[in-house]
Structure formats: structure tokens, C-alpha cells
Amino acid sequence: MPYPAIIIYILGLVVLPSFIFWGKRPSKSPPQVKWVGKPGFFMRIWLSLRGIDERFDQIRHGYRKFNAKGLPFIISDSTFIPLVVTPPEHVKWLIGKPDHILTQRTVIRELLGFKYLLPDLHHGLDVAFTDVVRRHMTRDFGKFQEALYDELHQAIDETLGLDQSSQRQVCLPKAMETIVQRSIDRVVFGLPLCRDNGYVRSWRKFNNSLAIMGVILGLIVPWFLRPFLGWFFRIPVEFWRRRSLKYLTPIFQERSKQMEEQKRKGIPIGSDMPDDFITWYLQAGRNGRFHNPPDYSTIAMHFHFFCISFYKSTIMTGTSAMLDLLSADPTMGYWEKIIEEAMTEYQTEGDWLEARTVSKLPYLDSALRETLRRNPMNIRGIPREIISKEGVTLPSGTHLPQGTFVTTAVDSLQNDKRFYENPEEYQPFRFVAHSESTAWPQAGEATSFTTTNDKFLAFGYGRHGCPGRWFASHVLKLVFAYIAIHYDVQHIGKPPPKIRFGDFTIPSLATTITVRRK
Ligand code: HEM
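Residues numbered from 1 in each chain as written. Predicted model: local features only at pLDDT ≥ 70, side-chain atom pairs only at ≥ 80, totals over all residues. Heavy atoms only, no water.

In the annotation of an unreviewed UniProt entry, the entry for the protein chain reads Cytochrome P450, and the organism field reads Penicillium desertorum. Annotation of the protein chain in UniProt includes, under Cofactor (unreviewed entry), the sentence "heme". (UniProt positions renumbered as here; feature names shortened; annotations may be inferred.)

Draft legend 1. Broad picture of the overall build of the protein chain. A tally of helices and strands in the protein chain yields 17 helices and 12 strands. Per-residue burial over the protein chain gives 55% buried out of 518 residues. Contacts spanning at least 24 positions in sequence make up 76% of the contacts within the protein chain whose residues lie at least 6 apart. Counting every atom, the protein chain has about 23,000 Å² of accessible surface; 58% of that belongs to carbon and sulfur. (Helix = DSSP H or I, 4+ residues; strand = E, 2+ residues; numbered from the N terminus. Buried < 20%, exposed > 50% of the residue type's maximum accessible area, 1.4 Å probe, protein only. Contact = heavy atoms within 4.5 Å. Areas by Shrake-Rupley, 256 points an atom, 1.4 Å probe, with all protein chains shown as cover.)

Draft legend 2. The packing of helix α9 (residues 197-219) against helix α10 (residues 226-265), seen in detail. Where α9 contacts α10, the two axes come as close as 8 Å, and the packing angle between them is 165 degrees. As judged from the angle between their axes, α9 and α10 are roughly antiparallel. Considering the relative orientation of α9 and α10, their crossing is left-handed. Looking at the contact of α9 with α10 residue by residue, the class counts come to 13 nonpolar, six polar and five charged. (Axes fitted to C-alpha atoms, helices over the stretch in contact; angles between N-to-C directions. Parallel < 35°, antiparallel > 145°, perpendicular 65-115°, else oblique. Left-handed = near helix turned anticlockwise from the far one by under 90°. Nonpolar A, V, L, I, M, F, W, Y, C, P; charged D, E, K, R; others polar.)

Draft legend 3. Examining the UniProt feature "binding site: heme" (unreviewed entry) in the protein chain more closely. Here, UniProt's "binding site: heme" (unreviewed entry) annotation points to Cys466. With respect to the secondary-structure elements, Cys466 resides in the loop between α16 (410-414) and α17 (469-486). Judged by its relative accessible area of 28%, Cys466 is partly exposed.

Draft legend 4. The arrangement of the site of the ligand in detail. The environment of the ligand is formed by 20 residues, the closest being Gln104, Phe310, Thr317, His464 and Cys466. Contact between the ligand and Gln104: an oxygen atom at 2.7 Å from a side-chain N or O atom of the residue. In this structure, His464 approaches the ligand through a side-chain N or O atom, which is 2.8 Å from an oxygen atom. For the shell around the ligand, the secondary-structure elements that each account for two or more residues are α6 (123-136), α12 (296-327) and α17. (Near = heavy atom within 4 Å. Polar contact = N/O pair within 3.5 Å; in protein donor to acceptor, adjacent residues only side chain to side chain.)

Draft legend 5. Here's a closer look at the side chain of Glu370. Looking at the element boundaries, Glu370 is found in helix α15 (residues 362-374). Overall, Glu370 belongs to the buried group, its relative accessible area being 0%. Filtering out sequence-adjacent residues up to four positions away, Glu370 remains in contact with Glu425, Tyr426, Gln427, Pro428, Arg430 and Phe431.

Draft legend 6. Looking closely at the sheet that holds strand β3 (residues 102-103). On the basis of which strands lie adjacent, the open sheet formed by five strands has the order β1-β2-β8-β5-β3 and mixed pairing. The open sheet terminates on both sides in strands that have one partner only, identified here as β1 (73-76) and β3. Pairing of strand β2 (residues 82-86) with strand β8 (residues 405-408), which is carried by three bridges, proceeds in the parallel orientation. Bridging from a neighbouring strand, Thr86 pairs with Thr408 of β8. (Pairing = 2+ DSSP bridges.)

Draft legend 7. Here's a closer look at the environment of Trp470. Residue placement: Trp470 occurs in helix α17. In the structure, Trp470 is positioned 19 residues away from Thr451 in sequence and 9.5 Å away in space, judged by C-alpha atoms. Not counting residues up to four positions away in its chain, the partners in contact with Trp470 are Met137, Thr138, Arg139, Phe141 and Thr450.

Draft legend 8. A look at the packing of helix α8 (residues 172-189) against α12. With their axes 9 Å apart at the nearest point, α8 and α12 run at an angle of 140 degrees to one another. The pairing of α8 with α12 is recorded here as oblique in orientation. Along this stretch, α8 crosses α12, giving a crossing that reads as right-handed. On the side of α8, the interface is formed by Leu172, Pro173, Met176, Glu177, Val180, Gln181, Ile184, Asp185, Val188 and Phe189, while α12 contributes Phe303, His304, Cys307, Phe310, Tyr311, Lys312, Thr314, Ile315, Gly318, Thr319, Met322 and Leu323. Counted by class, the contact of α8 with α12 contains 14 nonpolar, five polar and three charged residues.

Draft legend 9. Structural view of α8. Over its 18 residues, α8 extends 25 Å from the first C-alpha to the last, a length consistent with the 26 Å expected when each residue adds 1.5 Å. Extensive coverage of α8 is indicated by the burial of 16 of its 18 residues. Gly190, located one to two residues past α8, shows a positive phi value of around 70 degrees. (Expected span 1.5 Å × (residues − 1).)

Draft legend 10. Geometry of the pattern of salt bridges. Evaluation of the coordinates by the stated rule reveals 32 salt bridges. A salt bridge links Arg517 to Asp157, with the shortest nitrogen-to-oxygen separation between them at 2.8 Å. With Arg517 in strand β12 (residues 512-517) and Asp157 in helix α7 (residues 142-160), the pair connects residues that are 360 residues apart, well separated along the chain. By the burial criterion, Arg517 is buried, and Asp157 matches it. Glu370 is paired through a salt bridge with Arg430; the nearest N and O atoms lie 3.1 Å apart. Here Glu370 is found in helix α15, whereas its partner Arg430 is found in the loop between α16 and α17, with 60 residues between them in sequence. The pair Glu370 / Arg430 is uniform in exposure class, with both members buried. Residues participating in the shared-partner salt-bridge network are Asp150, Glu151, Glu158, Arg182, Arg186 and Arg195. (Salt bridge = Lys/Arg side-chain N within 4 Å of Asp/Glu carboxyl O.)

Draft legend 11. Representation of the sheet that holds β12. Reading across from one edge, β4-β12-β9 is the order of the three strands in this open sheet, with antiparallel pairing throughout. In this open sheet, the two strands that pair with only one neighbour each are β4 (168-171) and β9 (487-489). On average, each strand axis in the sheet is inclined to that of its neighbour by 40 degrees, with strand direction left out of account. The sheet strands contacting α17 are β9 and β12, and the helix crosses β9 at an angle near 90 degrees.

Right, dumping it as C-alpha cells:
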């Protein structure tokens, strides 16, 4: 059989069943909203295909042409899913709508491919998870500060080295990954699980395979092929999920049994148990936050799945912020100011064990925010699906039907001259309240890293804004302060180009830095 015939035959076998059995395109393209780019069916297909490497420019173009005039526009996702991008004026309206009108759950699962990689995701369990993050990981870090610092400083010492006599070349993204992962693992899983090599390996593989497969499926595979190809993408995810659950499920089972026993004996539930995320999650479940509780393995699997939100964004933000500081003009003295500030606040071992010390680092806080302002990890944000039957009418008067996916151009908005002075310039201390005259540019209002508003959407905004941002900020500040005090780190000259892939902007993965223990 000639090759073209074979290709057509295979495509027919794959595409047709996909259309027939699952063939409802996610999202709609309301006729009254304009598309970005030239009109026409084939042009839209072309723009969709170019979305992988040109999404950044496409969105910035649409933002200037439509959003800047208060109008929405449509871009076609690289997987041919149309997305309505709403202007900055609509952000408050968007986040104010209740979940039964606009939901973020379905759209995230479709756009990141989770719907196909973990089809048994249980809606009730994520509410419990978000509750636990809100309750235990927003303010009171004192209860795990000692454990966190213990793991974090060991991870940094081992990764960057203790030899004071010679310099060491370190791959920054890899080092940040190891340090942040170990630190967070200690808080989430506690000892001894966080040091069990077998578990840690399979958990990381599960985490990575889900992230990689999710990004490929969500950014490259057209929507009509996902239900079919999703089965193949699931293979590594399923493999590592089973492996890691072999360790985790018995712990969930054991602690649940203990809690049952405590309830029978009238002892406070959760007492005498490790004060970690597993216990908090099970406690939340017992307090009625697991609706129709499934079996332990499913609960443990969800736990793993949700925990993924802890890691990648924190690692990427840490890597980008460090690269921004080290590649800025050395004469500005940005990194040196971070060192000075850290040395002032961390003078004794006790300062490291006091969780509140991190709140005394305004310059570092501002530098982290500036990095996320200039380069939010996802150039789009606040994704929502309209689920009310009647659809919704945007403040601009445009009606959008049920099923439409809407989103906001986070990167363009955070780099808009109307909202930030000289937005293209890296000014790490632009958010510091300047009481004295300094050598640094002073544009912008004093705001903290974790403050969300309609001009800073890198953590989302409103009811579903990231509840883990205080924890991420806490971990990153400890990591930066420890490195600043204990290591000589060389400036790296010209900033390495960022990787832009579909909707994501991530730091160059191969950048090395030169360090020496002080
Ligand atoms: C710098 C690191 C981080 C960034 C940039 C980030 C960013 C985000 C963004 C953009 C959202 C979506 C908000 C929306 O849909 O409106 C989100 C949601 C979420 N994040 Fe984070 N995040 C980070 C770290 C963390 C950490 C460390 C945790 C856990 C401790 C966490 C837990 C969550 C959870 C549970 C949600 C879902 C909230 C909900 O649906 O109500 N994140 N995050």
C-alpha cells in the first residue's frame, strides 16, 4: 500500500472514532468576538499550529489590538480549542462570578490534559485539599519551621557544596529543583517518608511524567485526538502512580485506622500523629470535607496529584528570580543588597528557627514579585468555563454562550505601560516602600510578593487565587537568604533567553552558576 494511503488510513482510524465517540469540541467561538490574526478557516488552523512557538506574540498582538480598547478577542489554542481572552477591565467581574456560572476546574483539566491522564479525579477531594492549604500553609509556619530549615540547609549544603577552597559550577535549575523539592517534601510527607529513596524516586517520576505528559497533551495534541491518544500518554503516569502509591496508601490506611480508634476512645483525632500534610488532609476528610469518601488508594492518589501544585511553579519562580538577580547589571548592586538584607536579619541560629524572620526581607520580597510580574509562568491566567445555561454577558456587552472558555492575558497585562512604569525594565526593588533615597529606580507602589490584585495575576486572583503563595514565598525566601549568606555567587552576565513554549515561559534549563562556600 502506498504511504499516503497508509497515513490516511491510520488517521481515519484515529480521528473518526475520536469524533464519533467523543466528538464534542471543548469551548465555543462566539461569532461577535473577533479572532486575532487574519480571518479565514485555513488561517485559523495555521495560527493554531504556530501557537506552540508564537503564542506569546499572538497574545500580545491581540492584547494591543483588542484588549487595550476594552474588547475581548479569540485565539485558537494550539490544539484547536478557541479561547476568549478578556480585557483587564473584566478581571474583577470574572473573578466575582460564582462557581456555578464560571468554573475553573473543567477548563484546567482539559487544557492541561489531566482529564485524560487521571480520568478518575474526584471533585470532592480537591475542595478538602485547598482547605488544608488555606488552613495550615498560609500564615502559621512556626509549627514546621524547624523541620523545614533542617531539610533546606542540608539540601543546600549538599547541592552547592561545603568546600571553601574551590569554586563549583552548578546547574541552577537542577539545583533549585533538588533544594525546593526536598524542603517541601519534608513538610508535606514528613520523616521518614521524605528520605525514603524508593518513594521519593517514584513520587518525582509520577510528578514529572504527569507534568510532561500534561503539557504535551494539553499544548500539542488536538482536542479531538486527546481521548484516544490520552490512553498512550497515561502509560508512564499510571506506572509511576502505582509505584508511588505502594508507599503512600498504607500510610493513609494506617493513620485512618488510628483516627478511627481515637474517635472510639474519645481521644482528640490526630493527636500523637506526625503534624504533616497527610494528617491534616485526613482530618479535613473526617470533618466532612471528603464528599462520598472513596477508598484509601484513591484518596492517596488525589493527595499526590494535588501536591504537584506545590513544586513546579515554586522551582521555576526561584530559578527565574535568581537568574534575574545574577544577570542584572552588577553595578546596580541588586544581589549585594539581597546579601546585606539577609545578613542583617539572620545573625544567629535562632533567627533561622523563627518563622517570622522572612517577613523582614522587603528587597527580596520585591525581587520575587518583579520576576513573576515580568515573566509569569503562564502567559494566560484565570481560565474559566461558562457553565450557566444562559451563558454570560461580559461588561463590554458581548454575550458568551455556555461552554465557552475564557481567560486573561496575564503576561501582557503585567507588562502594560498603563499599569507599570517602564514595564520592560527589570527593577527588582520597584515594590519596596522607599523611605530614604537609594540608587534604585523607584517606580511602582509598595506591594508584597503575595498580594494579588487585578494588575498582578501571576497567582490568579479572588476566590481561586493560589492559596499556597505564602508558603512558596516562605520557602523561596529561606533558600535565597541561606544562599546569599553562605555562598559567594558570581554574576552571570547576559541573561540567558527564556524558553517560550505555547503558554509557558520558563527559565533556560541549562544555565550554570559558579559558587563557593564562604
Ligand atoms: C511561586 C509559586 C506558585 C505560583 C506562581 C502559583 C500559581 C498559581 C496559579 C496561577 C493558580 C491558579 C489560580 C486561578 O485559577 O485563579 C494556583 C492555584 C493553586 N495553587 Fe498555586 N502557585 C504557586 C505555589 C503553590 C504552592 C507552594 C501551593 C501549595 C502549598 C499551591 C497551591 C495551589 C492550589 C491548591 C491552587 C488551587 C486553588 C483553587 O482552585 O481554589 N501553589 N497557583
